[in-house]
Each structure stands twice: as C-alpha cells, then as structure tokens.
Amino acid sequence: MYKPSLILFLFIAAATVATTGSIELYGNEIFFRIGEAEGLPVVVIGDGPGISGSYLEDILPGRKTVLYDSAGSGKSSDVGSLDLSLEYYISELSAIVHELELERFHLMGHGFGSLIAVYYALARPAELSSLVLVNPILSIPQLDLLIEEYTLQNDTVPDKLKLLFLNYRGDIESKLKTTVEDINRDIYDQFWGDGPGVTGELRGLDISSGLSDLRMPVLICTGLYNFPGVDKVIDYQKLSPKSEFVTFINSAHFPMLEESEGFNMIIGDFLRRVEAEQESSPEHDLSGRAVDILSGIVSLGEKDNGVDMDLEIGRDFTISLPSSPGTGYSWRLEEFDGSVLRLLSEPFYEEPGTTGGGYQVFQFRVIGPGETDISLSYCSCWNDEPIGTYRVGISVPLLEREVLSIDESDNGKSFSVDLAIPLEVSLNVTTGTGMSWRITSTTSSILRQTKENEYLIPENTPAMGGTIQQRYYFEGINYGTAYIEFSYGRPWEETPPERTFGATITVAEPVHDIYIARDSDNDRHIALKLDQMLILKLKNGSSSDETWYLREELPEQLKLLSDPFIEYFEEVRYSVFYFRTVERGEGVLELSYGSSASPDQSIDTYRITLKIE
C-alpha cells in the first residue's frame, strides 16, 4: 500500500534531536517529523485538512512526538492516484504508524484532527494508551446549526476558516504565520465547503456517538473563547464516561500556543497518570496468547501478529481482534489452506461489555498436516485497501499413523477413519486382458488422492492369466462422508464395466464437548449435552474490587469444576468459570457483578437458561 521514500535525516539543534522523513502513500509523499525523547510517543494530528502541522512543533517538550503534514499541506504532496477523502486520511495515519513501527502510543487530535483520531481509536483501540482531543469537532450537523445561530445573532456571514481555525487570543501571529500562508484552500473547501455552512464532504458526518465505545483514557479539552463554546464541547465528555475535561481559560483555538506552559503541564500530567496506572496494573501476558488448560483451546490476539506456531491435528484455536463495526471497518479473512485448517463458523462479533470495545472472533480447527498462513485485513465497506493486516503462520507435523487397507472383499462396506489417516485400496487385475481399474466417483473435498496409483506385481506372475494388484492411495482432508467407486474394464471400450467396487469412507470429527458462553449470551436459552463442559467468560470493569460471582446456588444440572479466576486478554479483564453438565433437565445459571464484600448490592446480573439433553 505504501513504501518508504526518503532516508531519515537527523538534525541536532540546541539539546533537541529531531528525525524527519517521509513515506509514499498512493503516490503522495507524506512528510513526518519525530521529536526524539524517552517514553511512549505521542502521535499528533493537526487541524485541517489542507493545513500544515508546523504550528504543532515542540508543543510537548520532553515528550517523543510524531507530527506529519497531511496530503496537500505543508511539505506533503497531493499528486496521488486516490481522491482525498476521510477514509484516505485514516489510511494516512495508519501508514505513518505502520512505517514507524509504533506498537503502543498516545494519540492527540486538534480540530479536524480529532475527527480522524476518534475514527482511528474506534478502529484500532488496542494500540492506544490514551486519546487527547483538543477543541474537537465530531458532530458536523451540530456545528452547522451553531454556525447558523451565530450568523443570526451577529447579523453577519462569518468566514468559516477564521471562525473555526484562525480564532486565537494573545500574540501568536508569528507562530502561525507560516501555517496560515500555507493553507491549501482547495482542499480545505473540498471538505468544509466555501460558504458559511458546512457544504463540503464533511456535511452530515457525526462520529460523536462512538465516544461511548472508547475504553482507553480520554482527555477532552477546549479554549474558553473557542467556537462553538465550552458548553457545546463538554457534551462530548458526557458521551464518554471514562473521559476527563479541561478548559484553558486564556485560550481560543490554539491552547498549545496561547497557554503553552499550562498546556504542556496539563497534557503531560494526564499522560504520566495514564502511564503510571497502566504500569501498576496486574501483570498479564501482553501477547494475548493463551492455552485453556481444561479445554485445550488456543486463543490468539492482536499482539500475536506475525507469529509462527506448531499445532497438532484436532487442536481448536481462536483469533480475536479489536473491532468496532460502527466505524464501517471490520476484519476480512483473506487466505488460509483449507486442507490444513477448517473455519468452524462464520466470524462473529463479541459485543462490548462494561469495559467497552469489542472483538471480531475467528474460530479454527486443525484438520490436516502441512503449513499455512492465516491472513486477515482490516478494511472499510467503502474501500478495499486495508488500514491494517494480520498474519499467523501455522505448521502441523505429519505423524506416522496406521494405514487403513481395504480390498475387493470390502465391496459395499463403510469405514470410519480419523483425519490424515492413510487409506489404501487394493484391487485385483488379470494380466494379458487389457483390463484395469479407474476411479469413477469420489468426494474430493473429503478425500484426496495422495499419489498416482501403481501396480504391485508378484514374482513369477505369468504374462497371461496372472493376478496383480492395482493400488490407490488416499487421505482424509476434511470431516464428512465420502463415497469412492471404481470400474474395471478396457479404457478404450465404451461398454459397461465388467465389475465395480465401492466403499463409503467417513472421516470422523473428534468430539469437542465444550461450549463457551460470553456476555452476548445473557438472557439466552442454551442447549447442552450431558457431560459437556461449559466455559463462561464475562468482561469486568476497570475496578479491581468488582467482579462476577455466583450469588445463587448452582442448578443441579451443573457442577463447578474449579474456583473462578481472573484472566486478561488484550488488556480486558475477564471472570472465568468452568462447569460440567451432570444431570439432564432444565436449570437457570445466574451470576452477579459487583463487590463480593457487598453481595446484596450487585451492579449487574447475568442469566442463562440451560437445557441439558
């Protein structure tokens, strides 16, 4: 999708080291600048589009910052093959993150940049430590109404660019001079429109409802004198219950310039608190990979991207990747070898729980020996170009197994074999007659012919009237029932065969008596078999004092196999329960969420009705 285009240069000025460079994206050259420092980087998206990010340089001294000019602004070109769109700008940010190999970072958006930042946070939440929104613009319909009100109240038609961007207090003209001179009005007007209202491509866009799905810490801040006003921006904070809100009382649209010391202190304090809290959180496997000891199910997460694994035939595993369908982005399965792996069901979305943010889950089973890559891409419904990719390599060894041999005496019989069990079919041929066997029917999706058939000729076999064997070799590659049929005759004659041979081969699927119930199963009826394992995995909130617990007695149909425990996956905390069905009948399993110290004051309830057959 993009490739590096310039060698990175190092500039040393005073005590600050900056790294600059560029990437190529759809033919555009995108310039970036990194302020080198220790710690997690802060990726900053400036206002725009069509506005250089130069005004953001050095806004967080002592922090590693990543700034870039979007296509057509500042030092970045706009000569690419793809029309500029909101989706393009999301891809642009993703390309910068990928090029710089940023696995974890803070994300900050200013003005229009906050729109891109929220889209990215919804699409790729696992990468972000926090999200900072400075004078955010997330609801264009609301902004349109406010501009109309402003026009009526002031009896004048406002210059939208000055109202939204060139709105500042104090002596910062010199800091904004280059940025203002470099504004690309063609691109700016393409998105905002050239009239007082929003008539460009942004018209009707509203991403504010997505704030409630964000699970990372969020800081929303605004200048007291910024349009459209503190009372409007604070509405965004109400939509994001895990966020903080700050007003800069001597600023309008540029608090990072108008109150640079206060801005650095407040933003820096927020970032430090976030990092300290995350460092002190309970230790867990950041790879996300886990093997369920009782069920044997392997779980892979986003941090397992690029790994290679050895698995055995019959092993089940899942891939769970952060996803937010409301943004229009989802994971798409691009490639895997169906002779090695089987997709057990259609991918499903694990609904957000109390922590927010969900996962798209893919369930696989290893069905045969070999090597394969599982490739997925994160795409939008409007553009096939992915903003993210995921790959896992799976290697399955070929194990020596006992051969199933059948011959003509088994004509019409049925056989059951496991996956990858070699199958040999030996059929008699009379020499000197010109007769031979050929396959007339098979089920290639279940059985595959592993090599060409061959003739086994005993010593001293006469050239006429002797008996030799024609042997065929097969192997089960998928679960199901296959029918193989052979005809005996002269290949060049169009006459009925002299005789036929047929057998039914069932490639038996191993029994996996495990049912995993999740948050989305709440209030559902679930049918299980006797002696089946039930695994219950429920999301917890951020408070370590609150968890899921059994409040009522277990129904007589269930037995608790082990004490409930806490499990982390991709930074989400789960309560995990193991049960086994022990009696037939119908029962209700009920759990409560809250502090076990106050069991009578539960915050939430989870209930499923079980029918054991």
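For the structure itself, look to the data block above.
Residues numbered from 1 in each chain as written. Predicted model: local features only at pLDDT ≥ 70, side-chain atom pairs only at ≥ 80, totals over all residues. Heavy atoms only, no water.

K.L.:
I'm lost on the packing of aromatic side chains in this one. Help?
P.N.:
To describe a pair of aromatic rings, you give the distance between the ring centres and the angle between the ring planes. Inspection of the entire model under this criterion finds 25 aromatic pairs. Relative to Phe-254, the ring of Tyr-55 has its centre 5.6 Å away and its plane inclined at 90°; by these criteria the two rings are edge-to-face. Of this pair, Tyr-55 sits in the loop between strand S5 (42-45) and strand S6 (65-68) while Phe-254 sits in the loop between strand S10 (243-248) and helix H8 (255-258), and the two are 199 residues apart along the sequence. Of the residues examined, Tyr-55 reaches a relative accessible area of 2% and is grouped as buried. With a relative accessible area of 0%, Phe-254 lands in the buried category. When the centroid spacing of 5.9 Å and the interplanar angle of 20° are considered together, the rings of Phe-565 and Tyr-578 count as stacked. Note that Phe-565 is positioned in strand S34 (residues 565-569) and Tyr-578 in strand S35 (residues 572-581), a separation of 13 residues in sequence. By relative accessible area, which is 31% here, Phe-565 ends up partly exposed. Aromatic ring contacts, followed pair by pair, group Tyr-26, Tyr-88, Tyr-89, Phe-112 and Phe-191 into a single cluster. (Phe/Tyr/Trp six-rings, centres within 6.5 Å; stacked < 30°, edge-to-face > 60°. Helix = DSSP H or I, 4+ residues; strand = E, 2+ residues; numbered from the N terminus. Buried < 20%, exposed > 50% of the residue type's maximum accessible area, 1.4 Å probe, protein only.)

K.L.:
How do you make sense of the sheet that holds strand S22 (residues 414-417) when you look at a structure like this?
P.N.:
Reading across the sheet, the 4 strands line up as S22-S28-S27-S24 and stay open at both edges, with mixed pairing between neighbours. Two strands in the sheet have a free side with no partner beyond their single neighbour: S22 and strand S24 (436-441). Averaged over all adjacent pairs, the angle separating strand axes in this sheet is 30°, with direction ignored. Two strands pair when backbone bridges link them, and strand S27 (residues 480-489) and strand S28 (residues 499-507) are joined in this way by 9 bridges, in the antiparallel orientation. When the sheet's bridge partners are listed, Ile-484 is paired in S28 with Ala-503. (Pairing = 2+ DSSP bridges. Axes fitted to C-alpha atoms, helices over the stretch in contact; angles between N-to-C directions.)

K.L.:
Mind showing me how you'd approach the pairing of strand S30 (residues 525-528) here?
P.N.:
Side-chain positions along a regular strand alternate between the two faces of the sheet. The alternating pattern of S30 places Ile-526 and Leu-528 on a buried face and His-525 and Ala-527 on a face that is not buried. When S30 meets strand S37 (residues 604-612), the two strands line up parallel, connected through 4 bridges. Among the inter-strand pairings, Ala-527 is bridged to a residue of S37, identified as Lys-611.

K.L.:
What is the right way to read the side chain of Glu-258 from this model?
P.N.:
Position of Glu-258 relative to the elements: it lies in helix H8. For the buried Glu-258, no salt bridge exists, and the shortest N-O distance to an oppositely charged side chain is 5.8 Å, to Arg-169. (Lys, Arg positive; Asp, Glu negative; His and termini not counted. Salt bridge = Lys/Arg side-chain N within 4 Å of Asp/Glu carboxyl O.)

K.L.:
Help me out: how do you make sense of the sheet that holds strand S21 (residues 404-407) in this one?
P.N.:
Pairing between the strands of a sheet is mediated by backbone hydrogen bonds and can be parallel or antiparallel. The strand order S21-S23-S26-S25 describes an open sheet built from 4 strands, whose pairing is mixed. Sheet topology places S21 and strand S25 (447-456) at the edges, where each strand pairs with a single neighbour. Each neighbouring strand pair of the sheet contributes to a mean axis angle of 20°, computed without reference to strand direction. Pairing geometry for S25 and strand S26 (residues 467-476), over 7 bridges, is antiparallel.

K.L.:
I tried to follow the nonpolar core on my own but got confused; where do I start?
P.N.:
Soluble globular proteins tend to bury their nonpolar side chains together. Judged by nonpolar contacts, the single largest core of 112 residues is most densely connected at Leu-107, Met-108, Leu-131, Trp-192, Leu-202, Phe-317 and Ile-319. Every residue in contact with Leu-107, bar those within four places of it in the chain, is listed here: Val-43, Ile-45, Leu-93, Ala-117, Tyr-120, Leu-128, Ser-130, Leu-131 and Val-132. (Core = buried A, V, L, I, M, F, W, Y, C linked by side-chain atoms within 4.5 Å. Contact = heavy atoms within 4.5 Å.)

K.L.:
It is not clear to me how unusual backbone geometry should be interpreted in this structure. Could you clarify?
P.N.:
Most peptide bonds take the trans form, and the phi angle of most residues other than glycine is negative. Cis rather than trans, the peptide bond between Gly-48 and Pro-49 has omega equal to -5°. One can find Pro-49 in the loop between S5 and S6. Cis rather than trans, the peptide bond between Phe-227 and Pro-228 has omega equal to 20°. For Pro-228, the location among the structural elements is in the loop between strand S9 (218-223) and helix H7 (230-239). Positive phi, close to 50°, is recorded for Tyr-26, a residue that is not glycine. If you trace the backbone, Tyr-26 turns up in the loop between strand S3 (16-25) and strand S4 (28-35). In this structure, Asp-523 is a non-glycine residue whose phi angle is positive, near 70°. Considering the arrangement of structural elements, one finds Asp-523 in the loop between strand S29 (514-517) and S30.

K.L.:
Where do I start with the pattern of salt bridges in this structure?
P.N.:
Taken as a whole, this structure holds 23 salt bridges when the rule is applied. Where Glu-302 meets Arg-124, a salt bridge forms, and the shortest distance between an N and an O atom there is 4.0 Å. Taken together, the residues span a long stretch of sequence, with Glu-302 in the loop between strand S12 (298-300) and strand S13 (308-310) and Arg-124 in the loop between helix H2 (112-123) and strand S8 (128-134) at a distance of 178 residues. On the basis of relative accessible area, Glu-302 is assigned to the buried category, the value being 14%. Accessibility expressed as a relative area gives 11% for Arg-124, which makes it buried. The residue Arg-273 makes a salt bridge to Asp-269 at a minimum N-O spacing of 3.0 Å. Taken together, the residues Arg-273 and Asp-269, both in helix H9 (residues 260-279) and 4 residues apart, mark about one turn of the helix. A relative accessible area of 38% places Arg-273 in the partly exposed class. Under the relative-accessibility criterion, Asp-269 is labelled partly exposed at 34%.

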